[in-house]
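Chain by chain, the residues:
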Amino acid sequence: DGGITQSPKYLFRKEGQNVTLSCEQNLNHDAMYWYRQDPGQGLRLIYYSQIVNDFQKGDIAEGYSVSREKKESFPLTVTSAQKNPTAFYLCASRKGIRPGMNTEAFFGQGTRLTVV
Amino acid sequence: AQSVTQLDSHVSVSEGTPVLLRCNYSSSYSPSLFWYVQHPNKGLQLLLKYTSAATLVKGINGFEAEFKKSETSFHLTKPSAHMSDAAEYFCVVSANNAGNMLTFGGGTRLMVKP
């Protein structure tokens, strides 16, 4: 089955630790995204990538880092510099974002990160 | 710049009654519009999309939406609510002049009473 997979589903982090959230897709999509969702709020864009080996900061990139070494994978690292990392993290992919390609995004099932 | 406003943060309906979730958008270019549904602790699932074809769009689970350019609206409707429709709904806009980036509304939580 084609889809987008996030792991783990739940993640606990101690103060001062870095943690990495996994996102893998087998849809052959060019673009991938990371969003953060807090209770009662919409989605905020952390980072996005339109092509392998390239990525751009979103609205709330501070304290986060990403890599895009393979088309299928877009891991997100939450660093110790992120002061309030407890949230629900969603990864998404799209076929492409060239002009005229206003395609829908496909979402993973999310990772809930909690600082303990 | 583009933006999306979901006019109601919470909507409550009784099972079997119609559902209306309102969405207004702002875009200086011909947009594509999407509605997504999110159940608790889950990812977002596409309900329907408008991409400049028919203005009345039918989606999954009996939902539909009508694109009204003159009103810059894309309201989501369903004739008869089911208990399983209780969830968070997001209206999303994407336009060529905004780098095709997705802009999300703040979400509407739909509650369905028995």
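Heads up: the structure comes first, above all this text.
Residues numbered from 1 in each chain as written. Chains lettered and ligands numbered in written order. Predicted model: local features only at pLDDT ≥ 70, side-chain atom pairs only at ≥ 80, totals over all residues. Heavy atoms only, no water.

Peer 1: Describe the overall build of chain A, listing the residues and the values that go with them.
Peer 2: If you tally the helices and strands in chain A, you get 0 helices and 11 strands. Moving toward the C terminus, one meets the helices and strands of chain A in the order β-β-β-β-β-β-β-β-β-β-β. Its C-alpha radius of gyration of 14 Å places chain A within 12% of the 13 Å reference for a compact globule of 116 residues. When its C-alpha atoms are laid out on the principal axes, chain A stretches across 45 × 30 × 30 Å. At a minimum sequence separation of 6, the contacts of chain A that also span at least 24 residues come to 54%. (Helix = DSSP H or I, 4+ residues; strand = E, 2+ residues; numbered from the N terminus. Rg over C-alpha atoms; globule rule 2.2 N^0.38 Å. Contact = heavy atoms within 4.5 Å.)

Peer 1: Please give an account of the interface of chain A and chain B that cites residues and values.
Peer 2: Counting from both sides, the interface comprises 25 residues of chain A and, opposite them, 22 residues of chain B. Buried area between chain A and chain B, both sides added, is near 1800 Å², and the carbon and sulfur share of it is 51%. Taken together, chain A and chain B are joined by 1 salt bridge. Taken together, chain A and chain B are joined by 5 residue pairs in polar contact (both at pLDDT 80 or more). Among the elements of the structure, strand E4 (31-37), strand E5 (43-51), strand E9 (87-94) and strand E10 (105-107) of chain A are those that each provide at least two residues to the side of chain A that touches chain B. (Buried area = accessible area lost by both parts, 1.4 Å probe. Salt bridge = Lys/Arg side-chain N within 4 Å of Asp/Glu carboxyl O. Polar contact = N/O pair within 3.5 Å; in protein donor to acceptor, adjacent residues only side chain to side chain.)

Peer 1: Residue-level account of unusual backbone geometry, with values.
Peer 2: Proline 8 of chain A follows serine 7 of chain A through a cis peptide bond whose omega is -5 degrees. Residue placement: proline 8 of chain A occurs in the loop between strand E1 (4-7) and strand E2 (10-13). Even without being a glycine, asparagine 53 of chain A presents a positive backbone phi close to 65 degrees. Relative to the helices and strands, asparagine 53 of chain A is located in the loop between E5 and strand E6 (54-57). Here the phi dihedral of threonine 72 of chain B falls at roughly 45 degrees; this positive angle occurs in a residue that is not glycine.

Peer 1: Would you mind going over the nonpolar core in detail, with residue names and values included?
Peer 2: All names here are of chain B. Counting residues in hydrophobic clusters, the biggest one holds 26 residues, and the most contacted among them are Trp35, Leu48, Phe74, Leu76 and Tyr89. The element that contributes the greatest number of residues to this core is strand E10 (residues 87-95), accounting for 4 residues. Residues within four places of phenylalanine 74 in sequence aside, it is in contact with Cys23, Leu33, Phe34, Trp35, Leu48, Tyr50, Ala65, Glu66, Phe67 and Cys91. (Core = buried A, V, L, I, M, F, W, Y, C linked by side-chain atoms within 4.5 Å. Buried < 20%, exposed > 50% of the residue type's maximum accessible area, 1.4 Å probe, protein only.)

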